[in-house]
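# Descriptive analysis of the structure
Residue-level listing of the chains:
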Amino acid sequence: MRNKWLLVMMIPAFLFVILFLYFPLAKGVVMAFQNYNMFDLTNLHFIGLDNFKAIITDPYTNFWQILWNTLIWLVFSLVFQFLLGFTLALLLKKPFAGRGIYSGLVFYTWALSGFAIGLIWSWLFNGQFGLFNDILIRLSLIETPLGFLSTPKLAMMSVIITNIWYGVPFFGIMLLAALQSVPNELYEASTLDGCGAVKQLFYVTIPYIKPTIVSTILLRTMWIVNYPDIIYAMTNGGPVNSTNILATQMINEVFKQYDYGQGSAFGVVIMVILFIYSVIYLKLTKSSEDSI
Amino acid sequence: MINRNKKIAMSIVRTVLLALFLIAALLPLYWIFVTSIKAGNEIYTFPLKYWPEKPSFDSYRELFSFSNFGLYFRNSLLISLSAAFGAMIVSILAGFALSRLSHRRLKGAIELGMYFTQTIPTFIIMVPIFTIFSFFHLINSRIALGFVYVATVVAFCTVMGKSFFDRIPASLEEAAKIDGCNLMQALTKVILPITLPGMAAIFCFAFINIWNELFIAVTVLSSSDKMTVPVALNSFISKTGISWGVMGAGIVVALLPTMVVFGIGQKYIVAGLTDGGVKG
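Because the structure is a prediction, the values reported are computed rather than measured. (Residues numbered from 1 in each chain as written. Chains lettered and ligands numbered in written order. Predicted model: local features only at pLDDT ≥ 70, side-chain atom pairs only at ≥ 80, totals over all residues.)

## Let's talk about the overall build of chain B
Let me state the cut-off plainly: Put simply, DSSP H or I for four residues or longer makes a helix, DSSP E for two residues or longer makes a strand, and each gets a number counted from the N terminus. Radius of gyration: over C-alpha atoms. The globule rule applied is 2.2 Å multiplied by the number of residues raised to the 0.38 power. Put simply, a residue is buried when 20 or more other C-beta atoms lie within 10 Å of its own C-beta and exposed when 12 or fewer do; between those, it is partly exposed, and each C-beta is set from the backbone. Here, residues touch in the contact sense if the C-beta positions derived from the backbone fall within 7 Å of one another.
The helix and strand tally for chain B stands at 12 helices and zero strands. Starting at the N terminus, the α and β elements of chain B follow one another as α-α-α-α-α-α-α-α-α-α-α-α. The C-alpha atoms of chain B give a radius of gyration of 24 Å, which is well past the 19 Å a tight globule of 280 residues would have. In chain B, which comprises 280 residues, the share counted as buried stands at 45%. Considering only contacts within chain B whose residues lie at least 6 apart along the sequence, 75% involve residues at least 24 apart.

## With respect to the overall build of chain A
When its secondary structure is counted, chain A shows 13 helices and two strands. Taken along its principal axes, the extent of the C-alpha atoms in chain A is 75 × 75 × 35 Å. At a minimum sequence separation of 6, the contacts of chain A that also span at least 24 residues come to 67%.

## Remarks on helix α1 (residues 2-31) of chain A
Residue and element names in this part refer to chain A. Quick note on the threshold: To estimate how far a helix should reach, multiply one less than its number of residues by 1.5 Å. Bend, at a single residue, is the angle you get between axes fitted to the 7 residues ending at that residue and the 7 residues starting at it.
With 30 residues, α1 ought to run about 44 Å at 1.5 Å a step, and its terminal C-alpha atoms sit 41 Å apart, in line with that. Approximately 40° is the largest bend angle found in α1, and it occurs at methionine 10, with the proline proline 12 only one to four residues beyond. All of the buried residues along α1 are Leu6, Met9, Met10, Ala13, Phe16, Val17, Phe20, Leu21, Pro24, Leu25, Gly28 and Met31.

## Some words on the environment of serine 56 of chain B
Residues and elements named next belong to chain B. Along the chain, the position of serine 56 falls in the loop between α1 (2-36) and α2 (58-65). In this structure serine 56 comes out as partly exposed when scored by C-beta crowding, with 16 C-beta atoms within 10 Å. Considered as a pair, serine 56 and isoleucine 37 are 19 residues apart in the sequence and their alpha carbons are 5.0 Å apart. Here serine 56 is in contact with Ile37 and Ala39, once residues within four sequence places are set aside.

## Considerations on the packing of helix α3 (residues 69-100) of chain B against helix α9 (residues 196-212) of chain B
Residue and element names in this part refer to chain B. As a reminder of what qualifies: Note on geometry: axes are C-alpha line fits, over the in-contact stretch for helices, and angles between N-to-C directions span 0 to 180 degrees. Should an angle fall under 35 degrees it is called roughly parallel, over 145 degrees roughly antiparallel, and 65 to 115 degrees roughly perpendicular, with every other angle called oblique. Two helices that cross are described as forming a left-handed crossing if the nearer one is turned anticlockwise from the farther one by less than a right angle, and a right-handed crossing if clockwise. Ten residue types, Ala, Val, Leu, Ile, Met, Phe, Trp, Tyr, Cys and Pro, are classed as nonpolar, four, Asp, Glu, Lys and Arg, as charged, and the remainder, Gly among them, as polar.
Two elements in contact, α3 and α9, have axes whose closest approach is 8 Å; the angle formed by their N-to-C orientations is 140°. In this view, α3 runs oblique relative to α9, as classed from their interaxial angle. Pair α3 / α9 crosses with right-handed handedness. Here α3 contributes Ser76, Ile79, Ser80, Ala83, Ala84, Ala87, Met88, Ser91 and Ile92 to the contact with α9, which in turn contributes Met199, Ile202, Phe203, Ala206, Phe207, Ile210 and Trp211. Across the contact of α3 with α9, the residue classes tally to 13 nonpolar, three polar and no charged.

## Observations concerning the environment of lysine 286 of chain A
Residues and elements named next belong to chain A. Position of lysine 286 among the secondary structure elements: in helix α13 (residues 260-291). On the basis of neighbour count, lysine 286 is assigned to the exposed category, with 10 C-beta atoms found within 10 Å. A sequence separation of 75 residues divides lysine 286 from proline 211, and the C-alpha atoms of the two residues are 9.8 Å apart.

## Some details on the interface of chain B and chain A
How big an interface is tends to be reported as the loss of accessible area on association of its parts. Across the contact, 67 residues belong to chain B and 61 residues belong to chain A. Elements that contribute at least two residues to the side of chain B that touches chain A include exactly α1, α3, α5 (122-135), α6 (142-166), α9, α11 (229-238) and α12 (244-277) of chain B. Top contributing element to the side of chain B that touches chain A by residue count: α12 of chain B, with 13 residues. Grouping the amino acids of the side of chain B that touches chain A by side-chain chemistry returns 52 nonpolar, 13 polar and two charged.

## A few points about the nonpolar core
Within soluble globular proteins, side chains that are nonpolar tend to cluster in buried spots. What counts here: Note on definitions: a nonpolar core is a set of buried residues drawn from Ala, Val, Leu, Ile, Met, Phe, Trp, Tyr and Cys, linked by C-beta atoms within 7 Å. Each domain's extent was defined by an automatic or database domain assignment.
By size, the foremost hydrophobic cluster in this structure holds 161 residues, and its most contacted members are Ala116 of chain A together with Ala87, Val154, Ile202, Ala206 and Ile251 of chain B. Two domains each put at least three residues into this core: domain 1 (1-56) and domain 2 (63-277) of chain B. Once you skip the residues sitting within four places of it in the chain, alanine 116 of chain A turns out to touch Leu233, Ile251, Ala254 and Leu255 of chain B.

## Observations regarding the domain arrangement of chain B
Residue and element names in this part refer to chain B. Domain boundaries in chain B define domain 1 (1-56) and domain 2 (63-277). The C-alpha centroid of domain 2 is placed 33 Å from the C-alpha centroid of domain 1. Taken residue by residue, the interface counts six residues in domain 1 and seven residues in domain 2. Its residues placed into classes, the side of domain 1 that touches domain 2 shows three nonpolar, two polar and one charged.

## Some remarks on the confidence of the model for chain B
Residue and element names in this part refer to chain B. The condition is simple: How sure the predictor is of each residue is captured by pLDDT, a score from 0 to 100.
Confidence along chain B averages 87 in pLDDT terms, with 95% of residues attaining 70 or more. Ranking the elements of chain B by mean pLDDT puts helix α8 (residues 183-194) last, at 79, and α3 first, at 94. Model confidence for the complex: the whole-complex pTM is 0.90, and ipTM, which rates the interface, is 0.88.

## So, helix α10 (residues 210-226) of chain A
An ideal rise of 1.5 Å per residue puts 24 Å on 17 residues; α10 of chain A measures up with 24 Å between its terminal C-alpha atoms. Listing the buried residues of α10 of chain A in full gives Thr212, Thr216, Arg220, Ile224, Val225 and Asn226 of chain A.

## Looking at the environment of asparagine 3 of chain A
Among the secondary structure elements, asparagine 3 of chain A is positioned in helix α1. Separated by 111 residues in sequence, asparagine 3 of chain A and glycine 114 of chain A place their C-alpha atoms 41 Å apart.

## Looking at unusual backbone geometry
The omega torsion of the bond from glycine 238 of chain A to proline 239 of chain A falls at -15°, within 30 degrees of zero and hence cis. As for its position among the elements, proline 239 of chain A is in the loop between α11 (229-234) and α12 (246-257). The backbone of valine 240 of chain A shows a phi angle near 35°, a positive value even though the residue is not glycine. By secondary structure assignment, the location of valine 240 of chain A is in the loop between α11 and α12. Phi at histidine 137 of chain B takes a positive value of approximately 55°, unusual for a residue other than glycine. Topologically, histidine 137 of chain B is positioned in the loop between α5 and α6. Assessed through the 9 C-beta atoms surrounding it within 10 Å, histidine 137 of chain B is described here as exposed.

Below, the structure is given as structure tokens:
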């Protein structure tokens, strides 16, 4: 009886999630198997796997390069976001005067939009009047300004640096909370056993907060792969595809080509990859837990 | 003695690292602000000035008069405040119910369904939402957009709300029931007052995410008087003749509300994120 009333209280939330998330998701997956082009709407029909074949064989947007770019973008962003965020959390663990204000100032970027951050950093990296060029010239490290976002080799590095900056607060916030939950007795006991600070980190701290590490890395991976906003604002995949990842290519299919079928096919590819990744990742992290 | 030196060295390293993190976090924001208050051609003169010769608010004046930014700001504020409020109400009801549900398997299944929404890429639902909107003639409807926004945050907010309610013992409601309250009255008169911080966290989280959203808004808002702040910034990119001064001013104005909300709600947001987000 009570459960029935509780379920009634959940109906509004169910309606929102089903109508505006799960239903469009189902429709999106169906579209991936249809000929669905804004310029060709009268000719809407199922075409099997043709959209997938088309995006893999498209000569203008090399699918394998996009896949490789996505991997580079993910690995470098994630590793540095995690390492720097973890360092920041460790630094903030012990109280000091003004810690509250300090953490507010270093964590605020969490609340900003990736799109706005992309715009700010594209100005910092600007090839003529950007701050970074100015600093490098003042330090006499370079003589003429570098085209950070217009040179294929530098563009990927620039967008990754931006993404690292964006993601550090997330790991900082999450890992700091986890660190503060480690009971002090564990540290006291390990000190008595003769553990140094480094040993303590690897044998006490990290094993204790492992569940948080595992879940934050999984969440962040999905966001890094899913969100095109930073690259969209900075290079939109260019120059010559050097920063084009699956997510930005999908945006282009939709906004520029108006090919909703192929755009959705990219979406399905991303979801399948993330799903397989999550299953393997959770299995691996689980088995290593059992062996301890 | 050696130990003491080591301690001093450690604290120096720590201070230096903390300072570096702070500089790295603030520098981009400082630079966009400085850019927005530089006058005329100072932005495009080498070597760059790290503080304007004569600070000017011309860019802001141009932003609000010429580019009509006040209207976009109002649109964004209206949509974000009402959608965040709606999301808060819906997810508090659902979060409370989810926390008190005694059917184990049902509870697990609902929670999983809520978590799974976090993995749905925005852009796979973007196109279907566009076709649904055009089918019902809702293109350019800010109310319809608000409904979609409620949906995009409600799952995470529900999980956040659940974790807040989990910490409030059910015996409180039992007591209220004995005093003659029904379930709804117990929630509004007894439980909610002590969960105000949790509600604040949910509202702040929802507001920030909705305020920042770009791609869904770009897809369903086509007329320029309905645009939100991110959509307006996006239109600046393609507009020729917009200077980085005006762009910078637009970015500063776009960031302000989320920074204010984060500043006020930081403590609650951090608690809410860490409880609701990552606990499996």
